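# Overview (structure and organization)
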Amino acid sequence: MAEPPVTNPVEDPVDAPTTDAMQNPVEEPAVDPMDVLMEDPVEEPVQNTIDYSEPFEVRESEGKGLGCFATRDIFAGNQILLEKCRLSCGNYRTRAQTMDDLVKNYKKLSQEEKNEYLSLYASNKWEHVRDTNHTLAQFGLPIEEKEEYARLYLVYLGNCFAVDDGVRDKDGTILVEARDGIYLKASRFNHSCDPNVTYSAMQIPGYWAATATRNIKKGTELCITYIPLFPSREKRQSRLRGWGFTCRCTRCEGWDEDYDKDLLEACRMRGLVPEGAEGIPQEDNEEPEHARLRRRVELAKKLQWQHTLFFSYHDLAVYNIFLSADLRRTDADEALTALEEAVHILETAIPIGVQLYGDNDATVADARDDLKSAHQKIQRIKDEEGIV
Ligand SMILES: [Zn+2]
């Protein structure tokens, strides 16, 4: 764990942590950061909270730095990680205020935790480095502290998740700042455009919660997605450029058939596939994604694997929602059809999720958010097209 991974998650590398001050580097801080930066270190002993007892280990991932790998077989719906937020900061109007808050909270950590945070991937985008150095140059700190806080801030830019939207009044004036959190363990998950783990940093306040979206064999790398999963490879790759890597996931490099083969094999073993039926076309990378996702749903239904079915439905619905955005540019009717299908799929999936995980579960809340979003998009298209 000594080396930082090449890839790391933030909600949006361009938009999320950007403050006015970053766009305008000459802006001066509204508060004096010296007050906080020069405070005495926190005296009380801090309990070490680092614990890697989850069903995965962090180790070298070929070509990607570090990554998380399953240490046992994991089943769809299993919780992968519930990590408490130990370091957060407000998303303030100026970079100096944000840095101020970040340093203040960083000082409350144990030395071991500080070392762990500093070992995470640090953004190396030139504008991030420039803005960080520009702000710290005003503080007149000893060189070691300057280096430590510069590293901390670049780690923040490379790894933060939005954890709280804050509060605005009806005119949009900020009453309470939005907040970002950095998580030691969550930061170790690499990206895949066909992720086997889903997460939320908002559903359970103060925690980053991750769940398996399918059955995962021991030794498999666990991946989340850093971006919305657009159907177009080019669009995904362009969004991922902010992290400085080219995605070589199975979806970008051609589908990996293993997961579907496993599903088909399970169906065959239970006599659910007629003799001679092909089921999965071999090495058919031309197959449209929705056909593949639909097959997963059909196989999960046959197997009556409710966990897999819930996530397969959710995948298919989310795919339809993203597809509708592309279709919208050329054909409003087709976009509406895709969205209406997403609504239908989610309305089928949500009761399954409630039955499995309960009404207040984060994964169910995720599906409900997507349903709400699909309804809103339908209404927007109808309004724009004058459809009653
Ligand atoms: Zn990819």
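Residues numbered from 1 in each chain as written. Predicted model: local features only at pLDDT ≥ 70, side-chain atom pairs only at ≥ 80, totals over all residues. Heavy atoms only, no water.

Another aspect to go through is the sheet that holds strand β11 (residues 207-212). Here we have three strands laid out as an open sheet, ordered β3-β11-β10, and antiparallel in their pairing. Every other strand in the sheet has two partners, leaving β3 (79-84) and β10 (197-200) as the edge strands with one partner each. With direction set aside, neighbouring strand axes in the sheet form an average angle of 15°. The sheet contact formed by β3 and β11 spans five bridges and is antiparallel. Each residue of the ladder has a partner; that of E83, found in β11, is W208. (Pairing = 2+ DSSP bridges. Helix = DSSP H or I, 4+ residues; strand = E, 2+ residues; numbered from the N terminus. Axes fitted to C-alpha atoms, helices over the stretch in contact; angles between N-to-C directions.)

Taken together, C193 (SG), C247 (SG), C249 (SG) and C252 (SG) make up the full set of protein donors to the zinc ion, lying 2.3 Å away. Classification of the site at the zinc ion rests on its four donor atoms, whose angles at the metal span 103 to 117°, yielding the label tetrahedral. Each donor residue of the zinc ion belongs to the same chain, and together they define the spacing C-x53-C-x1-C-x2-C. Taken together, the residues C193 in the loop between β9 (190-191) and β10 and C252 in the loop between α7 (233-240) and α8 (258-269) connect sequence positions 59 residues apart. Note on C193: relative accessible area 1%, which makes it buried. Overall, C252 belongs to the buried group, its relative accessible area being 8%. (Donors = N, O, S within 2.8 Å, 3.2 Å for Na, K, Ca; no water. Tetrahedral: all angles 85-135°; square planar, octahedral: opposite > 155°, others 65-115°. Buried < 20%, exposed > 50% of the residue type's maximum accessible area, 1.4 Å probe, protein only.)

The two faces of strand β4 (residues 87-90) match: L87 and C89 on one face and S88 and G90 on the other face are all buried. Note: β4 against strand β8 (residues 179-182), four bridges, orientation antiparallel. Looking at the pairing, G90 lines up with R179 of β8.

Let us look at the packing of aromatic side chains. All told, the structure shown has twelve aromatic pairs when counted by the stated rule. Taking the centre distance of 5.9 Å and the plane angle of 70° together, the rings of F161 and Y183 count as edge-to-face. On the criterion of sequence distance, the pair formed by F161 in strand β5 (residues 161-164) and Y183 in the loop between β8 and β9 is long-range, its members being 22 residues apart. Each of the two residues, F161 as well as Y183, counts as buried. A network of ring pairs unites the aromatic residues F56, F161, Y183, F189, Y199 and W208 as a single cluster. Lying over the aromatic face of F69, R59 brings its terminal NZ or CZ to 4.0 Å of the ring centre. (Phe/Tyr/Trp six-rings, centres within 6.5 Å; stacked < 30°, edge-to-face > 60°. Lys NZ or Arg CZ within 6 Å of the ring centre and 35° of its normal.)

Moving on: the environment of D100. Examined against the element boundaries, D100 turns out to sit in helix α3 (residues 95-106). Residue classification places D100 among the buried positions, given a relative accessible area of 11%. As a C-alpha pair, D100 and C89 span eleven residues in sequence and 8.7 Å in three-dimensional space.

Glancing now at the sheet that holds β4. The strand order β4-β8-β5 describes an open sheet built from three strands, whose pairing is antiparallel. Across the chains shown, the open sheet's two edge strands, defined by having one partner strand only, are β4 and β5. Averaged over all pairs of adjacent strands, the angle between strand axes in this sheet comes to 40°, irrespective of strand direction.

Considering all chains together, one arrives at 18 salt bridges under this definition. D131 is the partner of R130 in a salt bridge, and the nearest nitrogen-oxygen pair spans 2.9 Å. Look at R130 and you get partly exposed, because its relative accessible area is 35%. By relative accessible area, D131 is classed as buried at 3%. Members of the salt-bridge network, linked through shared partners, are D101, K104 and R179. (Salt bridge = Lys/Arg side-chain N within 4 Å of Asp/Glu carboxyl O.)

Across the interface, helix α10 (residues 306-328) lies against helix α12 (residues 362-385) with an axial gap of 11 Å and an inter-helix angle of 25°. Relative to α12, the element α10 lies roughly parallel. The way α10 lies across α12 gives a crossing that is left-handed. For the pair α10 and α12, contact is made by F310, F311, H314, V318, I321 and R328 and by T363, V364, D366, A367, D370, A374, K377, I381, E384 and E385, respectively. (Parallel < 35°, antiparallel > 145°, perpendicular 65-115°, else oblique. Left-handed = near helix turned anticlockwise from the far one by under 90°. Contact = heavy atoms within 4.5 Å.)

All right, on to helix α11 (residues 332-357) then. Between its terminal C-alpha atoms α11 stretches 36 Å, which fits the 38 Å expected from 26 residues at 1.5 Å a residue. Where α11 begins, the capping side chain belongs to D331, and its oxygen is found 3.0 Å from the backbone nitrogen of D333. With its phi angle positive at about 95°, G358 sits one or two positions after the end of α11. (Expected span 1.5 Å × (residues − 1). Polar contact = N/O pair within 3.5 Å; in protein donor to acceptor, adjacent residues only side chain to side chain.)

What follows concerns the pairing of strand β1 (residues 56-61). With six bridges connecting them, β1 and strand β2 (residues 65-70) associate as antiparallel partners. Directly across from S61, in β2, lies its bridge partner G65. Once β1 ends, the chain turns through three residues before running back antiparallel as β2, passing G63 with a positive phi of about 75°.

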